[in-house]
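A look at the structure
Residues per chain are reported as follows:
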Amino acid sequence: MAEPLLSVRGLRKRFGGLVATDGVDLDVAEGETLAVIGPNGAGKTTLIAQLSGDLAPDAGTIRFAGEDVTALPAPERSGRGFARSFQVTSIFREFSALDNVALAVQAHAGHSFRFWRRAREERALREPARAVLAQVGLAARADVEAGALAHGEQRQLEIAMALATRPRLLLLDEPVAGMGIDESQRMVALLRTLRGRHTIVLVEHDMDVVFALADRISVMVYGRVIATGAPEAIRGNAEVRRAYLGEEVRA
Amino acid sequence: MRTPRTLALAVGFVALALVPVVAAALNQPFYLDLVRRIMIFAIAAVSLDLILGFGGMVSFGHAAYLGVGAYAVAIPAFYGVHSGFVQWPLAVGLSALVALVIGTLSLRTSGVYFIMITLAFAQMLYYLGISINAWGADDGMRLARRSQFGGAVDLGNPYVFYYVVFGLLVLLLWLGHRLIHARFGMVIRAARSNEPRLRAVGFATFRYKLAAFVLAGAACGLAGALLTNQTEYLTPSYMHWTRSGDIMVMVILGGMGTLFGPVLGAIVFLLLEDVLAAWTVHWQVVLGPLLVLIVLYARRGLWGLLAGRG
Ligand SMILES: Nc1ncnc2c1ncn2[C@@H]1O[C@H](COP(=O)(O)OP(=O)(O)OP(=O)(O)O)[C@@H](O)[C@H]1O
Ligand SMILES: [Mg+2]
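Residues numbered from 1 in each chain as written. Chains lettered and ligands numbered in written order. Predicted model: local features only at pLDDT ≥ 70, side-chain atom pairs only at ≥ 80, totals over all residues. Heavy atoms only, no water.

Our next topic: the pattern of salt bridges. Taken as a whole and assessed by the stated rule, the structure comprises 20 salt bridges over all chains. Note that E153 of chain A and R141 of chain A form a salt bridge whose closest N and O atoms lie 2.9 Å from each other. Taken together, the positions of E153 of chain A in helix 5 (residues 151-164) and R141 of chain A in the loop between helix 4 (123-135) and helix 5 put the pair 12 residues apart, joining distant regions of the chain. Close ionic contact of E232 of chain B with R146 of chain B constitutes a salt bridge, the shortest N to O distance being 3.4 Å. With E232 of chain B in the loop between helix 8 (205-231) and strand 4 (233-234) and R146 of chain B in the loop between strand 1 (141-142) and strand 2 (148-149), this pair connects stretches of sequence that are 86 residues apart. (Salt bridge = Lys/Arg side-chain N within 4 Å of Asp/Glu carboxyl O. Helix = DSSP H or I, 4+ residues; strand = E, 2+ residues; numbered from the N terminus.)

As structure tokens, then:
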């Protein structure tokens, strides 16, 4: 079997007395979509933050494409193909939607110690950014200030910024959180188009979304992964049902 | 939206360019001196705006570079080196170097810590200044001659000196305008908006912020070189924290992140000081409430009120 694209071993993170990540092992194959589910406070966001490099683990290793990236900070992981979205929408609010995405393109288009030419006139930045905006369905909103976009559109913009970095691995932290039914369906349709093209780690509470997208599911409780398996297996796993799914699954 | 801004800019530049003519006509050389001083502080304020307004780095020690620039003129002069070709590059280079050191150490922190550390470094330089007896200690020292530029430019001529300062201010604004719209400017403005996001899309933000910090320090060092030439005197009080506060007030008053606003801020601040200080030493009693009103009701300062949100 080929080595997984992402391989996590013994990951551990404490906040004072609280063990938020308690010896997590994960393998994600190239092209696979792994959903991470678990109750509030289980440590899902903390896990994503360690994968993206925003948070340094206390112990454990993260290997990506055969290399140990545990010590790399977030920008360097981005350079290697990591991209993340945030549970709480994180965008450049005072900039236009197009600017937001163009910045993500710029980060991967050589250095930015350029002091003269207007960035907004650089076609090499604007055109790929427009293409990605169109891909997520925001073409018509390119010139709107990001802070003025509807909540659902801001979530789409987050995905666009992640995609604009041409990632190999997408780390998505509750991409449909807080969305209405229509918005959420549009987001699922978008994520469906990304399946297989990118390797995805998807944190999500909405079970319909999880079962619609995941190849495999990992269940986290109190910082531990208590089960990993195919969606049907997880659905039927008694321990998982007791610990987490309970009445949420109307299987 | 664009017209009032362009108009305000045009009026401002023409007015500044005509000050010497008016001063000569009215036979009031004092005005020349006052406006030149204002423009020197405008250079300092614009340089601070680059990091404070655009980059979101609340440096409370910007006067340090004013001081370094001033010393870089006065010390060579003290030892008989009067050439501006030596003094001015030295002022810019040394300030950049000092900013590099301070920035490297302080940009690892943020928020209140950053404010405190930049303040502490500036005060450290201030105390260094007042403790070196050879260079005047807290009395400072007189500048025997203004910087010499061969026969070409004679700063002893108040009109020539005026247009040199005016030219440098315009140059700085022009370069600044290019910079903030170029890739570099997009990065530092985005860092102010949301730094974790910027790192997540792949920017190692530290080096860009540090570069902005150094550029701002270098430009302020030039203002310091101009200031000693203006007063023909060096004093460590150029580096005192209250001076850093003054420059910051100019930026906030004029409008953070507006580039041109800090020029307006310097004009209003120093004119108020000039007019009101004649009546009362407590002139800042008037400034305080004005500043509060601006902060509460005009997010983009006086420039925002005058020129729209461009
Ligand atoms: N920076 C921090 N400092 C201290 N405790 C933290 C920090 N970040 C997270 N925690 C704690 O760690 C635990 C895991 O938090 P985390 O945000 O990872 O959970 P989650 O699974 O993402 O929850 P949710 O489903 O609500 O998003 C929680 O108890 C949380 O309070
Ligand atoms: Mg979370």
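This part takes up helix 9 (residues 241-254) of chain B. Every α-helix carries 3.6 residues per turn, so stepping three or four residues along brings you back to the same face. All names here are of chain B. A rise of 1.5 Å per residue sets the reference length of helix 9, with its 14 residues, at 20 Å; its end C-alpha atoms lie 20 Å apart and thus fit the reference within 8%. Of all 14 residues that make up helix 9, 11 are buried, and the element is covered over most of its length. Every buried residue of helix 9 is accounted for by R243, S244, G245, D246, I247, M248, V249, M250, V251, L253 and G254. Of the residues trailing helix 9, G255 is marked for its positive phi of about 130 degrees. (Expected span 1.5 Å × (residues − 1). Buried < 20%, exposed > 50% of the residue type's maximum accessible area, 1.4 Å probe, protein only.)

Further remarks concern the side chain of Q106 of chain A. Inspection of the secondary structure puts Q106 of chain A in helix 3 (residues 97-106). A relative accessible area of 2% means that Q106 of chain A is categorised as buried. Setting aside residues up to four positions removed in sequence, Q106 of chain A forms contacts with S112, A119 and L125 of chain A together with R183, M186, V187 and F203 of chain B. (Contact = heavy atoms within 4.5 Å.)

Residue and element names in this part refer to chain A. Inspection of the region around ligand 1 gives 14 residues, with G41, K44, T45, T46 and Q87 positioned closest. Between ligand 1 and the protein, one listed contact pairs an oxygen atom with a side-chain N or O atom of K44 at 2.8 Å. The protein chains hide 61% of the 630 Å² of surface that ligand 1 would expose on its own. Mapped by element, the contributors of at least two residues to the shell around ligand 1 are strand 2 (18-28) and helix 1 (44-52). No other element matches the 3 residues that helix 1 contributes to the shell around ligand 1. Residue composition of the shell around ligand 1, by class: 5 nonpolar, 7 polar and 2 charged. (Near = heavy atom within 4 Å. Polar contact = N/O pair within 3.5 Å; in protein donor to acceptor, adjacent residues only side chain to side chain. Areas by Shrake-Rupley, 256 points an atom, 1.4 Å probe, with all protein chains shown as cover. Nonpolar A, V, L, I, M, F, W, Y, C, P; charged D, E, K, R; others polar.)

Let us look at the interface of chain A and chain B. Chain A puts 37 residues into the contact, and the matching count from chain B is 29 residues. Between chain A and chain B, a total of about 2,900 Å² is buried, with carbon and sulfur atoms accounting for 60% of that surface. The residue E122 of chain A makes a salt bridge to R183 of chain B at a minimum N-O spacing of 2.9 Å. Applying the counting rule to chain A against chain B returns 20 residue pairs in polar contact (both at pLDDT 80 or more). If you list the elements that add at least two residues to the side of chain A that touches chain B, you get helix 2 (74-80), strand 6 (82-85), helix 3 and helix 5 of chain A. Considering every element that reaches the side of chain A that touches chain B, the biggest residue donor is helix 3 of chain A, with 4 residues. A class-by-class count of the residues in the side of chain A that touches chain B yields 17 nonpolar, 9 polar and 11 charged. (Buried area = accessible area lost by both parts, 1.4 Å probe.)

Next up on the list: unusual backbone geometry. Excluding glycine, residues mostly carry a negative phi; peptide bonds, for their part, are mostly trans. A positive phi angle, close to 50 degrees, is found at E174 of chain A, a residue other than glycine. With respect to the helices and strands, E174 of chain A occurs in the loop between strand 7 (169-173) and helix 6 (181-194). The exposure class of E174 of chain A is buried, given its relative accessible area of 6%. Backbone geometry at A137 of chain B places phi at a positive 45 degrees, although glycine is not the residue there. Relative to the assigned elements, A137 of chain B resides in the loop between helix 5 (111-131) and strand 1. The exposure class of A137 of chain B is buried, given its relative accessible area of 9%.

Right, let's talk about empty space enclosed by the protein for a bit. All names here are of chain A. Applying the stated criterion across every chain, the model contains 1 cavity of 30 Å³ or more. The set of elements that each furnish at least two residues to the lining of the largest cavity consists of helix 2 and strand 6. Among the residues forming the lining of the largest cavity, the class breakdown is 4 nonpolar, 2 polar and 2 charged. (1 Å grid on protein atoms, 1.4 Å probe; cavity = no way out; pocket = protein on both sides within 12 Å on 5 of 7 lines; lining within 4 Å. Points joined across faces, edges and corners; volume = space filled by probe spheres on them.)

Turning our attention to the packing of helix 6 (residues 158-181) of chain B against helix 7 (residues 183-200) of chain B. All names here are of chain B. It is the contact of helix 6 with helix 7, at a shortest axis distance of 4 Å, that shows an interaxial angle of 70 degrees. Between helix 6 and helix 7, the interaxial angle falls into the category roughly perpendicular. Every residue of helix 7 that contacts helix 6 at L179, I180 and H181 is listed here: R183, F184, G185, M186 and R189. (Axes fitted to C-alpha atoms, helices over the stretch in contact; angles between N-to-C directions. Parallel < 35°, antiparallel > 145°, perpendicular 65-115°, else oblique.)

Right, let's get into the confidence of the model for chain B. Chain-level pLDDT for chain B is 94 on average; 99% of the residues reach the 70-or-more range. The ipTM value of the predicted complex is 0.93, and its pTM value is 0.94. (pLDDT = per-residue confidence, 0-100.)

Residue and element names in this part refer to chain A. Examined bridge by bridge, strand 1 (residues 6-15) and strand 2 share 8 bridges and lie antiparallel to one another. Its bridge partner lying in strand 2, R14 is registered against V19. The loop that links strand 1 with its antiparallel partner strand 2 comprises 2 residues; one of these, G16, has a positive phi angle of about 60 degrees. (Pairing = 2+ DSSP bridges.)

Residue and element names in this part refer to chain A. Each protein donor to the magnesium ion (ligand 2) is listed here as T45 (OG1) and Q87 (OE1); together their distances run 1.9 to 2.1 Å. A residue pair is termed long-range when its members are at least 10 positions apart, and T45 in helix 1 and Q87 in the loop between strand 6 and helix 3 qualify at 42 residues. Residue classification places T45 among the partly exposed positions, given a relative accessible area of 32%. (Donors = N, O, S within 2.8 Å, 3.2 Å for Na, K, Ca; no water.)

Moving on: the domain arrangement of chain A. All names here are of chain A. Assigned domains within chain A: domain 1 (1-81 + 167-251) and domain 2 (92-166). Spacing between the C-alpha centres of domain 1 and domain 2 amounts to 26 Å. Of the roughly 1,200 Å² buried between domain 1 and domain 2, counting both surfaces, carbon and sulfur atoms make up 62%. For the pair domain 1 and domain 2, the number of links is 0 salt bridges. Taken together, the connections running from domain 1 to domain 2 amount to 4 residue pairs in polar contact (both at pLDDT 80 or more). Mapped onto the side of domain 1 that touches domain 2, the elements with two or more residues apiece are helix 2, strand 7 and helix 6. Among the residues making up the side of domain 1 that touches domain 2, the classes are represented as 10 nonpolar, 4 polar and 6 charged. (Domains from an automatic or database assignment.)

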